[in-house]
Amino acid sequence: MRVEMLIVPHCPNGPVLRERLELALGGRTDVELAEHVVDDQAQAERWGMHGSPTLLVDGRDPFAEPGTAASVSCRLYRGADGRIDGAPAVEELQRMLGTAATGGADRAAGRSGRGRLAPAERGLRAVQQAVLQSFATTGSPPAAAELESAAEPFGVPAAEVLAELVAEDFLTLDDTGRVQAAYPFSAIPTEHTVEISAGPTVWSMCAIDALGIPVMLDTDAVITSTDPVTGENVRVEFAGGKSAWQPATAVVYYGVCPGNGPASTVCCGYLRFFTTRATAEQWSGRQVDLSGAVLDQAEAERLGADIFGPLLSAPAR
């Protein structure tokens, strides 16, 4: 099966569709996945693009109604629940691709597969980026005054913005109202540490979050974690745009357990580094109601980059 993504340059829903495809495919090796950037109407007509993003399966758009005209416009999809979204839901992609259900693993990719970049409206993105910048430069969340400064141009109190960011699962707060986690960062120790070049050492919420930090910050970094089965270290070094994994057999398990709540409680504990595919499968087989897939190094890095790469480069308004 050949699966192709057609997107216009800088399409904000391109990374969202790729995240959902990664989850829907679940590590299948019989699928060839490609991505094409379409610049104009002539190319759209030649490729059979019905808005960005368009998905082709063996050259056919399974989501387009008969007679739909080719277009480079923004494309919207209506889900089974009637909600309009910028890409098909993971469950719809699974049905279309003939893959097994993941039991909601798309939540691990960020807000039911909708990504981790907060909307620019009402100061949400500005405050989110202020929190992320603080973690990246100091290793800690910002003080209240910094949050108020980020929210002030939008005429909204920082506390109100934080409450909405929490409700939409962009970050979590502790009992005192201070930021406890802002994906990909954690204010409390986790098993995943990231040494940022010329910066602090930080904790990440999960393995995918850790892999996204060097891309988001466009910097070198060293990630250290532990295989929960063997206790052995897993180390990933990013230097000069390249990565080196130790051991060379290391993988990432990408999964989720049933239940409601933020990704920090239902997903992050199940996105982990392992020294081998065998230990990842051994560990996942012991978990109750866990669903997901083992990702190789390239898949895990790509997912981390797609989710977290745009978070600080996107304009705040």
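What counts, and at which threshold
- Residues numbered from 1 in each chain as written.
- Predicted model: local features only at pLDDT ≥ 70, side-chain atom pairs only at ≥ 80, totals over all residues.
- Heavy atoms only, no water.
- Helix = DSSP H or I, 4+ residues; strand = E, 2+ residues; numbered from the N terminus.
- Buried < 20%, exposed > 50% of the residue type's maximum accessible area, 1.4 Å probe, protein only.
- Contact = heavy atoms within 4.5 Å.
- Areas by Shrake-Rupley, 256 points an atom, 1.4 Å probe, with all protein chains shown as cover.
- Lys, Arg positive; Asp, Glu negative; His and termini not counted.
- Charge placed at Lys NZ, Arg CZ, Asp CG, Glu CD.
- pLDDT = per-residue confidence, 0-100.
- Pairing = 2+ DSSP bridges.
- Phe/Tyr/Trp six-rings, centres within 6.5 Å; stacked < 30°, edge-to-face > 60°.
- Lys NZ or Arg CZ within 6 Å of the ring centre and 35° of its normal.
- Salt bridge = Lys/Arg side-chain N within 4 Å of Asp/Glu carboxyl O.
- Arc of directions from axis to C-beta.
- Axes fitted to C-alpha atoms, helices over the stretch in contact; angles between N-to-C directions.

(A) Quick peek at the overall build of the chain. In terms of helices and strands, the chain carries 10 helices and 18 strands. The burial tally for the chain puts 50% of its 317 residues in the buried class. At a minimum sequence separation of 6, the contacts of the chain that also span at least 24 residues come to 63%. For the chain, the accessible surface area stands at approximately 13,800 Å², while carbon and sulfur atoms represent 50% of it. In the chain, 24 side chains carry a positive charge and 41 a negative one; their mean positions are 3 Å apart.

(B) Structural detail: the confidence of the model for the chain. Across the chain, the average pLDDT comes to 88, with 92% of residues at 70 or higher. Contacts for the low-pLDDT stretch residues 99-108, under 50 throughout, to residues beyond four places or in other chains number 38 contacts.

(C) Examining unusual backbone geometry more closely. That bond from S52 to P53 is cis: its omega, 5°, falls within 30 degrees of zero. Mapped onto the elements of the fold, P53 is located in the loop between β3 (50-52) and β4 (54-57). Note the cis peptide between Q246 and P247, where omega equals -5°. Mapping P247 onto the fold places it in the loop between β15 (242-246) and β16 (251-256). If you check the backbone angles, A198 has positive phi at about 55° while not being a glycine.

(D) Examining the sheet that holds strand β14 (residues 233-239) more closely. In spatial order, the strands read β8-β9-β10-β12-β11-β13-β14-β15; together these 8 strands make up an open sheet with antiparallel pairing. One side of each edge strand has no neighbouring strand; the edge strands of this open sheet are β8 (171-173) and β15. Looking at chain direction, strand β9 (residues 179-182) and strand β10 (residues 185-186) are connected through 2 bridges and run antiparallel. When the sheet's bridge partners are listed, A182 is paired in β10 with F185.

(E) Examining the packing of aromatic side chains more closely. Under the criterion given, the structure shown has 6 aromatic pairs. Ring centres of F274 and W283 lie 5.3 Å apart, and the angle between their planes is 50°; this geometry places the pair in the tilted category. Judged on exposure class, the residue F274 and its partner W283 are both buried. Above the plane of the ring of F154 lies R317, whose end atom (NZ or CZ) is 4.5 Å from the centre.

(F) Summary view of the pattern of salt bridges. On inspection of all chains with the given rule, the structure shows 12 salt bridges. With its nearest N and O atoms 3.0 Å apart, the salt bridge here joins E35 to R18. With E35 in strand β2 (residues 32-37) and R18 in helix α1 (residues 14-25), the pair connects residues that are 17 residues apart, well separated along the chain. The closest approach of N and O atoms between R75 and D61, which form a salt bridge, is 2.7 Å. Of this pair, R75 sits in the loop between β5 (71-74) and β6 (77-78) while D61 sits in the loop between β4 and β5, and the two are 14 residues apart along the sequence. Taken as a pair, R75 and D61 share a single burial class, namely buried. In this structure, a network of salt bridges that share partners links the residues R18, E22, E35, R302 and D306.

(G) Fine view of helix α9 (residues 277-286). Within α9, burial applies to T279, A280, W283 and S284. The arc that holds the buried residues of α9, viewed along the axis, is 130°, so those residues lie on one side. Turned more than 90 degrees off the buried face of α9, the exposed positions are A278, G285 and R286. Residues of α9 that are buried in the fold lie against β16, β17 (271-274) and β18 (291-295).

(H) Looking closely at the sheet that holds β17. A sheet is described by the order of its strands in space; here 3 strands give the open sequence β17-β16-β18, paired in antiparallel fashion. Pairing within the sheet leaves two strands with one partner each, and these edge strands are β17 and β18. Sheet twist, expressed as the mean angle between neighbouring strand axes with direction ignored, is 20°. Bridge count between β16 and β18: 5 bridges; the pairing is antiparallel. Opposite V252, over in β18, you have L295 as the bridge partner. Packing of helix α7 (residues 207-217) onto the sheet brings it into contact with β16, β17 and β18, and relative to β17 it is tilted by some 80°. Along the sheet, helix α10 (residues 297-308) contacts β16 and β18; its crossing angle with β18, the most-contacted strand, is approximately 115°.

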